[in-house]
Amino acid sequence: MSPPIIHWIEADLPCSAHWYSSSGLPPPSRVVIADDRMTADAAFRLASEGTAMLWRGDFQNARQLLQAMARRIDRGVRKPQKKQTASASVPAITDLGMTNLFNSHRQAQAQRARSLGRLLIPLSAGFTIALRRAPDIREACSRAYGVAAESIPESVADGTDATTVAVASLRELQGAIGAHEWRKKGVAVEALGARIHPHYGVFAPIRSEYVGLVASAALPDKDVILDVAFDIGTGTGVLAAVLAQRGVRRIVATDMDQRALACAIDNLSRLGYLEQVEVMHADLFPPGRAGLIVCNPPWLPARPSSPLEHAVYDPDSRMLRGFLNELAAHLQPGGEGWLILSDLAEHLGLRSRAELLAMIEVAGLIVLGQLDAKPNHPRVADTADILHAARCKEVTTLWRLGVKQVR
């Protein structure tokens, strides 16, 4: 499927090019030409009004302009006071209502992303940038968009700008470059004693506590045949790798996202576990039953606004409900389902503990036990974070679930 087309006027001539957006955002309808003479105040004003700027100046100057625009946007974001006055700010947050605060924060972040996404970079054939001091982004873009650099179209129509054959936002290109570097370097996973290499658009296992819970939880009773385990929503494949390392003979790892499936295969191959792990495209469960079924669904019941956010936000708890409702039908007798879930949604007022326990009850399941872990990521201690009052209370839990016996 060909990417959509972006149109603009340059030197009084109509121009067009392919538009690349991994989030599926439509091309902007209003585009002006900008270069090194553009001031940060003018760029901020244009972006706030919904006008995109196609950059024709120095690439590094475009980076600096984007940073200046971000500073102007962030000045308008209210944050709690730091350190000595932090405790005094908590009642104000409570008065607003944590749910309302979370929703307004997400709206502000979405608006910020839209505004910063209006500084555009022209791409020449082969994902090259014909701007001064521009980096080589060919491999990063090829991996991000799944298009080989040499196959990017030469042009889109007669009479267009012959040099610019594609356009993407600078912010998106920075994300592609960062993801590419992260993929090459990998993320150290202590529980594995190895690195996991996340692909573009696949959530990285930077929250080490949930991996540690799966690595340390006692496996089901020896009477349960652990010939096979399921890893539902495998992502990078990190939990499937942990189960393989723990000696589970065969694991079926599922995901709906093609990027995630490719990422999991890549990581499991690197770690030497592909003989133990079958990676399968499936909506939640594969066919059959297993003695152990692990699932780390998105933790917050809200609507994602980008592909990467699908790993964080689960609209109406769709994946959580689907896992719980189908778990009993896929567990072997005496088997266990391991649900790894943060309680951040509870502290944000998005879902109560009573609602979670009711979901478990309605699905015909019982809680066999639970393991808790406090997260250790930097945001937990960041009192300047507008959601700090919720994050500082967060606990990640591995819920051991079994099938309720019918008497």
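We now turn to the structure provided with this report.

What counts, and at which threshold
Along each chain, residue indices are assigned from 1 in the same order as the chain's sequence is written. Per-residue local features of the predicted model are confined to residues with pLDDT of at least 70, and side-chain atom pairs are confined, for both listing and counting, to 80 or more; whole-chain, interface and lining totals are unaffected and use all residues. Side-chain metrics in this entry use all non-hydrogen atoms of the structure; hydrogen atoms and water are not considered. Here a strand is any run of E in DSSP of at least two residues, a helix any run of H or I of at least four, and the numbering for each starts at the N terminus. For every residue, the accessible area (1.4 Å probe, protein chains only) is compared with the maximum for its type, and the residue is labelled buried under 20%, exposed over 50%, or partly exposed between those bounds. Only heavy atoms enter the contact rule, under which two residues are in contact if any of them lie within 4.5 Å. Computed by Shrake-Rupley with a 1.4 Å probe, the accessible areas treat only the displayed protein chains as cover when residues are assessed. A strand pair is defined by DSSP finding two or more bridges across the two strands. Orientation is described by axes fitted as lines to C-alpha atoms, over the contacting stretch for helices, and by angles from 0 to 180 degrees between their N-to-C directions. A clockwise course of the path from the first strand over the helix to the second, judged with the strands pointing away from the viewer, identifies a crossover as right-handed. A pair of aromatic rings is counted whenever rings of Phe, Tyr or Trp (Trp by its six-membered ring) have centres within 6.5 Å, and the orientation is called stacked for planes under 30 degrees apart, edge-to-face for over 60 and tilted otherwise. Roughly parallel means an angle under 35 degrees; roughly antiparallel means over 145; roughly perpendicular covers 65 to 115; every other angle is labelled oblique. Here a crossing is taken to be left-handed if its near helix is turned anticlockwise relative to the far helix by less than a right angle, and right-handed if that turn runs clockwise. Here the nonpolar group is Ala, Val, Leu, Ile, Met, Phe, Trp, Tyr, Cys and Pro; Asp, Glu, Lys and Arg are the charged ones; every other residue, Gly included, is treated as polar. N or O atoms closer than or at 3.5 Å make up a polar contact, with two conditions inside protein: a donor-capable atom paired with an acceptor-capable one, and, for residues adjacent in sequence, both atoms drawn from side chains. Salt bridges are defined by distance alone: a side-chain nitrogen of Lys or Arg within 4 Å of a carboxyl oxygen of Asp or Glu. What makes a nonpolar core is a set of buried Ala, Val, Leu, Ile, Met, Phe, Trp, Tyr and Cys residues whose side-chain atoms join them at distances within 4.5 Å.

This part takes up the overall build of the chain. The helix and strand tally for the chain stands at 13 helices and 15 strands. In the chain, which comprises 407 residues, the share counted as buried stands at 49%. Looking at the chain alone, contacts between residues at least 24 apart form 70% of all its contacts between residues at least 6 apart. With the model as given, the accessible surface of the chain reaches about 19,600 Å², and the carbon-plus-sulfur share is 52%.

A separate point is helix H7 (residues 208-216). Listing the buried residues of H7 in full gives Glu 209, Tyr 210, Val 211, Leu 213 and Val 214. Next to the buried residues of H7 lie strand S7 (187-189), helix H8 (238-245), strand S12 (290-295), strand S13 (331-342), strand S14 (365-373) and strand S15 (396-403).

Our next topic: the sheet that holds strand S3 (residues 31-34). Strands sit in the order S1-S2-S6-S5-S4-S3 across an open sheet of six strands; the sheet is mixed. Looking at which strands have only one partner, the edges of the open sheet turn out to be strand S1 (5-10) and S3. When strand polarity is set aside, the average angle formed by the axes of neighbouring strands in this sheet is 40°. When S1 meets strand S2 (residues 13-19), the two strands line up antiparallel, connected through six bridges. Paired with Ile 9 across the two strands is Pro 14, which belongs to S2.

With respect to the helices and strands, Glu 209 occurs in helix H7. Apart from residues lying up to four places away in sequence, Glu 209 is in contact with Trp 299, Ala 373, Lys 374, Pro 375, Asn 376 and Thr 396.

Looking now at the pairing of strand S4 (residues 52-55). Side-chain alternation along S4 places Ala 52 and Leu 54 on one buried face and Met 53 and Trp 55 on a second face that is also buried. Both S3 and S4 contribute to a ladder of four bridges, which runs parallel. Of the residues in S4, the one forming a bridge with Ala 34 is Trp 55. Read as a crossover between parallel neighbours, the route from S3 over helix H1 (residues 40-48) to S4 is right-handed. As defined by bridge partners, S4 adjoins strand S5 (residues 119-123) across two bridges and the pair is classed as parallel. Each bridged residue has a counterpart across the sheet, and for Leu 54 the counterpart in S5 is Leu 120.

This model, assessed by the stated rule, comprises six aromatic pairs. Ring centres of Tyr 210 and Trp 299 lie 6.3 Å apart, and the angle between their planes is 90°; on these two criteria the pair is classed as edge-to-face. With Tyr 210 in helix H7 and Trp 299 in the loop between S12 and helix H10 (318-330), this pair connects stretches of sequence that are 89 residues apart. Both rings, one in Phe 285 and one in Phe 323, keep their centres 5.8 Å apart while their planes meet at 5°; by these two values the pair is stacked. Of the two residues, Phe 285 sits in the loop between strand S11 (277-281) and S12 while Phe 323 sits in helix H10, which places them 38 residues apart along the sequence.

The geometry of helix H2 (residues 59-74) relative to helix H4 (residues 98-116) is characterised by a closest axis approach of 10 Å and an angle of 150° between their N-to-C directions. The orientation of H2 relative to H4 falls into the category roughly antiparallel. At the point where H2 passes H4, the crossing takes the right-handed sense. Of the residues in H4, those touching H2 at Leu 66, Met 69, Ala 70, Ile 73 and Asp 74 are Arg 112, Ser 115 and Leu 116. Class assignment of the residues belonging to the contact of H2 with H4 gives a composition of five nonpolar, one polar and two charged.

Next up on the list: the environment of Trp 55. If you trace the backbone, Trp 55 turns up in strand S4. For Trp 55, a relative accessible area of 1% translates into the label buried. Aside from chain neighbours lying at most four places away, what touches Trp 55 is Ala 34, Asp 35, Asp 36, Met 38, Asn 61, Ala 62, Leu 65, Leu 119, Leu 120, Ile 121, Pro 122 and Leu 131. Reaching out from Trp 55, the side chain makes a polar contact with the backbone oxygen of Asp 58 at a distance of 2.9 Å.

Moving on: the pattern of salt bridges. Side-chain pairing between opposite charges can occur once the charged atoms of the two side chains come close. Taken as a whole, this structure holds 20 salt bridges when the rule is applied. With a shortest N-O distance of 2.9 Å, Glu 10 and Arg 56 are connected by a salt bridge. Within this pair, whereas Glu 10 is found in strand S1, its partner Arg 56 is found in the loop between S4 and H2, the two being separated by 46 residues in sequence. Assessed through its relative accessible area of 26%, Arg 56 is described here as partly exposed.

Right, let's get into the nonpolar core. Val 214, Ile 232, Ile 293, Phe 323, Leu 324 and Leu 339 are the most contacted members of the largest nonpolar core, which has 55 residues in total. Top contributing element to this core by residue count: H8, with seven residues. Apart from residues no more than four positions distant in its own chain, Leu 339 is found in contact with Cys 295, Pro 297, Leu 320, Phe 323, Leu 324, Leu 356, Thr 397, Leu 398, Trp 399 and Leu 401. Phe 59, Leu 66, Ile 73 and Leu 116 belong to the second largest nonpolar core, which has 35 residues in total.

Before going further, it helps to examine the environment of Leu 271. Looking at the secondary structure, you find Leu 271 in helix H9 (residues 258-271). Along the backbone, Leu 271 and Arg 195 are 76 residues apart, and their C-alpha atoms lie at a distance of 8.8 Å. Excluding residues that lie within four positions of it along the chain, Leu 271 makes contacts with Leu 192, Ala 194, Arg 195, Ile 196 and Ala 241.

Turning to unusual backbone geometry, a few remarks are in order. In this structure, Asp 12 takes a positive phi of about 65° despite not being glycine. With respect to the element layout, Asp 12 can be found in the loop between S1 and S2. Positive phi, close to 55°, is recorded for Ser 317, a residue that is not glycine. Among the secondary structure elements, Ser 317 is positioned in the loop between S12 and H10.

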